[in-house]
Every structure is written in C-alpha cells, then in structure tokens.
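Commentary on secondary and tertiary structure
Chain by chain, the residues run as shown.
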Amino acid sequence: MQIHKCLQSNLAVAAMVLSMAVPVAATAQTDTANSETAIITTSRDDGRFLSSRGLAQGLMKAMPPRLAFTDVMTEDSFPAWQQQMEQAMTTLMALPTTPAVAPPRLVKSVERDGYRVEKWESYPFSWAVVPFLVLIPDGVDASAPAPAAMLCIPGFGQTKELLAGEMGGDYDLEQGGNPEAGHAAMARTYAKEGWVAVAVDNPSCGELMDNGKFDYLNTSRVLLEVGWSYLGLSAYQDKLVLDWMKQQSMLDPQRIIVSGFSLGTEPMMALGLMDKDIYAFVYNDFLCTTRERILVMTKPDENGNRPFPNSIEHLIPTFLTLFDFPDIVAALAPRPVICTEGGLDRDFRKISRAYELAGAPEAFEYHHYPRYADPSARQDLETLPEGLNRQEFFNLVNCDSPSHYFKDHLVVPWIHKLLEE
C-alpha cells in the first residue's frame, strides 16, 4: 500500500511537470518504429507523442530519482541521506516482519580436499524450504573461527552448487567436486583461502526451480501481483542466511562480506543498505544506471521492436524514482567495496566522492574490464545519447560481456588486504 501511494504521488508530480513543459518542435520523423527511428520522436506539429512508449519515456524523464547522490551533498548532509536510502530500500523490499517458522537445519555434510561442504535448509514460511551450502575450511571451528565469512550470491541462471564447485543438479552432493567450475566457483575459491563461504540460490534457480524449469518470469509475475518482487524475495531468503551466519560461533559477525556476481549484486546492494553489520562488499558486475539504460536504448531491431531493458525479475515499482545502482553503492560508504568490471568513470567518480565525504576514500576500489583497463580505450561520458541498441550501449559504458566472470584475481588479494588492515 505504501508503494502504491508513492507511485500515485510520483505520477501527480510528473503530470504537473509535463503539463508545464513547452511542446518540442516537430521533427521530420514519425512514431513508427523502424531502423531509421532510433530516437523516439513524433511527427505531430504540437510535439506530442502518439505512441504510449513515448508517453512512458516522458514520464520517466519527468521523474528523476529523488534520492540520487549529487555533487552538492556535504559531509554534514551525507548521513541523513544514507538514512533516507536505508528507509526507502526497506520499504521497497517489503520483507516479512514475522520470524521464520524454524531455524536452519543441517541435512548433510561431505568432505572435500581442504574443506567440507555442509548442506543446510532454511524455512522462510511454513509452506517453503530454501537450501543453502556452507563450505568450512579444515581447522575452522568454534575454538578457531575463520578470519572472514563470505555470503556468495550467484548470477543469472547460476546455482549454489556451481559457486561451491559441486556437480550441477547433484543436490545431495554425492558426485564429488566439479573440476570444470573454474572461475564460477566463487565459494570454493574463498574456502581454499581459509574463509567460510556460504552459497545460496537465487529464486526459481537450481533446487528452487519449478517442474525442472528456471521459471523466474512466472515467479516474478506472481510476486508482483501480491505486492512483492523477485528482488524482495531474494533479499529475504539471503537475509535469513545472513542472520544465521551472525549466530555461528565459527564466524566473526564483524567480518561478514557479501559477494555478488551479476544478478547477485542486486540482493547484495539491498542487504547492504538494510544491514549495517555487513563488513564489506564484492560487486562483480559492470556498474550502470538502469534508468539511463531504459531511456537511451531505443533503437528498433529489424522488426521495428525497441530493446527490452531487462526482464521482470529486476522490476520493483517506483525503484527508479528513488535511486539507481551507483547511488546505492555510494550509500554503502564507508564500508569497503570493490567493483570488478568497470562501467562509466562518471559513476565511479560519484561513488569516490561519497567515500570522501564518509572519510574513507581508500575503502572504495574499482577496476575495468581488461579490454578497457587503459583509459584511452574507454569512453568517459557524462551523458549517453538516445537511440542506442544493446551492443552500442555496452560499448559506450565500457562493458565487455564476453569477459563477464568472477574476478578472483582481483577480489582475493583485496580481501586479504582488508583483513590484514
């Protein structure tokens, strides 16, 4: 209900802004989507859009994120802004306020080379079970706690088994390790460094699939119908595990790091705003502003269809009227963050400024894809032009999709350095 009231308020403001706008000059192009109408325009003399996509584009332009981090923010105003960000995220995630029906339960344990893998089950609702894996290095126990613990959240279509370096689909852990997991085995990499690693599934993936299908679109639709979201469910499931981790005597609750890959960076950011106990964050994806992506990716394909920005597992009503991804990362200051796959330097300058205001400029570190590591090889833009297709957008924001993988060579040394400090 609170989200719906917020949406109504935003629409009223947008309508007022748009009604006061002077109609733009007509162009020679039409609303018809084809290869020559990359930018959404109109042929009407009054400058009004006939297409509903043009109407929606105008609404989004009239609703800049209300809590966006700006250059005018000061050291004194920064904490109040962070509190507003936390409150807004808490409202958007709409996490259940009732406790889980039962504490997590250990169901299986297997030995691996240098560590063991435990399978646990959590019980978020009386009608639901959500398993997770815990990788515990040899020698770690209540009398010798691990120096750090990692909550590992996978990317789109990945499973907790892949992160743990186990065989795909082997939900009983009987087949042994998966030598082919490679860079994707985030949790196994961490365990071999001596850190406890907890691997979770995203909703609808792995053991959480329906009828053997990765049914994230169907699940997302139903969740939206009942006033929740895919990300809200993901954050809730992960928070139950995070809260469990804080209670384990083999872990230091002050040294829990959330490590998200690709889609996993979204619940990572949500948890980061809502839970001040998290020590540090691994953001393993390229960083961009989703709102800008929607506004500029408008070039039609050969069939006249404009690009779809992303699917509904990312959708939370009113999210982009409040903030965007760089704003969330900025609000995590002064807690340590590493971004491993670049983006626009414009956004990293914003985050770096936030860390300066928080008195911890050294706590934020970022890297670009190898292809764009040399500054002369990447774009340094303050704004992006409208009329891009997906690949053109990726090129302008310095995203090298084929090189999208867990950057253990950057992350592991960074964590060691944090722990030594």
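What this report covers is the structure whose coordinates are included nearby. The model shown is predicted, which means the values in this text are computed figures rather than measured ones. (Residues numbered from 1 in each chain as written. Predicted model: local features only at pLDDT ≥ 70, side-chain atom pairs only at ≥ 80, totals over all residues. Heavy atoms only, no water.)

Describing the overall build of the protein chain
Looking only at helices and strands, the protein chain has 13 helices and 9 strands in total. On C-alpha atoms alone, the protein chain measures out to a radius of gyration of 22 Å, which is about the 22 Å that the 2.2 N^0.38 rule sets for 421 residues. Taking the principal axes of the C-alpha coordinates as reference, the protein chain spans close to 75 × 45 × 40 Å. The buried share of the protein chain, reckoned over its 421 residues, is 54%. By sequence separation, contacts in the protein chain at least 24 residues apart represent 70% of the contacts at least 6 residues apart. Accessible area of the protein chain: about 18,900 Å², with a carbon and sulfur share of 54%. (Helix = DSSP H or I, 4+ residues; strand = E, 2+ residues; numbered from the N terminus. Rg over C-alpha atoms; globule rule 2.2 N^0.38 Å. Buried < 20%, exposed > 50% of the residue type's maximum accessible area, 1.4 Å probe, protein only. Contact = heavy atoms within 4.5 Å. Areas by Shrake-Rupley, 256 points an atom, 1.4 Å probe, with all protein chains shown as cover.)

Some points on the side chain of Asp400
Relative to the helices and strands, Asp400 resides in the loop between α12 (390-396) and α13 (408-420). Of the residues examined, Asp400 reaches a relative accessible area of 10% and is grouped as buried. Apart from the residues lying within four places of it in its own chain, the contact partners of Asp400 are Tyr369, Arg371 and Tyr372.

Focus: the pairing of strand β3 (residues 128-137)
By the criterion of burial, β3 is predominantly enclosed, with 8 of the 10 residues buried. Bridge count between strand β2 (residues 115-125) and β3: 9 bridges; the pairing is antiparallel. Pairing of Tyr115 across the sheet is with Pro137, part of β3. Here β3 runs beside strand β5 (residues 196-199); their pairing, made up of 3 bridges, is antiparallel. Note on β5: the bridge partner recorded for Leu135 is Ala197. (Pairing = 2+ DSSP bridges.)

What to know about the sheet that holds strand β1 (residues 102-112)
Taken together, the 9 strands give an open sheet; going across it, the order is β1-β2-β3-β5-β4-β6-β7-β8-β9, and neighbouring strands pair in mixed fashion. The two strands at the open ends of the sheet, each matched to only one other strand, are β1 and β9 (364-366). Going from strand to strand, the sheet's axes swing by 20 degrees on average, the running direction of each strand aside. Inspection of the sheet shows strand β6 (residues 256-261) paired to strand β7 (residues 280-284) by 5 bridges, in the parallel sense. Of the residues in β7, the one forming a bridge with Ile257 is Ala280. (Axes fitted to C-alpha atoms, helices over the stretch in contact; angles between N-to-C directions.)

Side note on the packing of helix α7 (residues 230-246) against helix α8 (residues 265-274)
Where α7 contacts α8, the axes come no closer than 9 Å and their chain directions differ by 65 degrees. You can see that α7 and α8 cross each other, and the crossing is right-handed. When α7 is examined against α8, the residues Leu231, Ser234, Ala235, Asp238 and Lys239 are found in contact with a partner set consisting of Glu266, Pro267, Ala270, Leu271 and Met274. Considered class by class, the residues forming the contact of α7 with α8 number 6 nonpolar, 1 polar and 3 charged. (Left-handed = near helix turned anticlockwise from the far one by under 90°. Nonpolar A, V, L, I, M, F, W, Y, C, P; charged D, E, K, R; others polar.)

Brief notes about the side chain of Arg346
Within the fold, Arg346 resides in helix α11 (residues 345-357). Excluding residues that lie within four positions of it along the chain, Arg346 makes contacts with Thr289, Glu292, Asp380, Leu381, Glu382 and Thr383.

Comments concerning the pattern of salt bridges
In the structure shown here, the tally under the stated rule is 27 salt bridges. With its nearest N and O atoms 3.5 Å apart, the salt bridge here joins Arg353 to Glu356. On the criterion of helical spacing, the pair formed by Arg353 and Glu356 is a turn pair, its members being 3 residues apart in helix α11. Classification of Arg353 by relative accessible area gives partly exposed; the value is 31%. (Salt bridge = Lys/Arg side-chain N within 4 Å of Asp/Glu carboxyl O.)

Quick notes on the environment of Glu121
On the secondary structure map, Glu121 appears in strand β2. A C-alpha to C-alpha distance of 34 Å links Glu121 and Phe323, two positions 202 residues apart in sequence. Not counting the four nearest positions on each side in its chain, Glu121 is found in contact with Pro104, Arg105, Val107, Val129, Val130, Pro131 and Phe132. Within polar-contact distance, the side chain of Glu121 engages the side chain of Tyr123 at 2.7 Å. (Polar contact = N/O pair within 3.5 Å; in protein donor to acceptor, adjacent residues only side chain to side chain.)

Quick look at the packing of helix α3 (residues 78-93) against α8
Here α3 crosses α8 at 125 degrees, and the two axes come no closer than 8 Å. As the angle between them shows, α3 and α8 are arranged oblique. Between α3 and α8 the crossing geometry is left-handed. Contacts between α3 and α8 involve Met85, Glu86, Met89, Thr90 and Met93 on the former and, on the latter, Ala270, Leu273 and Met274. (Parallel < 35°, antiparallel > 145°, perpendicular 65-115°, else oblique.)

Side note on helix α6 (residues 216-225)
Within α6 the residues assigned to the buried category are Tyr216, Thr219, Ser220 and Leu223. Buried residues of α6 fall within an arc of 100 degrees about the axis and therefore sit on the same side. Seen from the open side of α6, the exposed residues pointing more than 90 degrees away from its buried face are Asn218, Arg221 and Glu225. In this structure, the buried side of α6 is in contact with α7. Following α6 by one or two positions, Gly227 has its phi on the positive side, about 85 degrees. (Arc of directions from axis to C-beta.)

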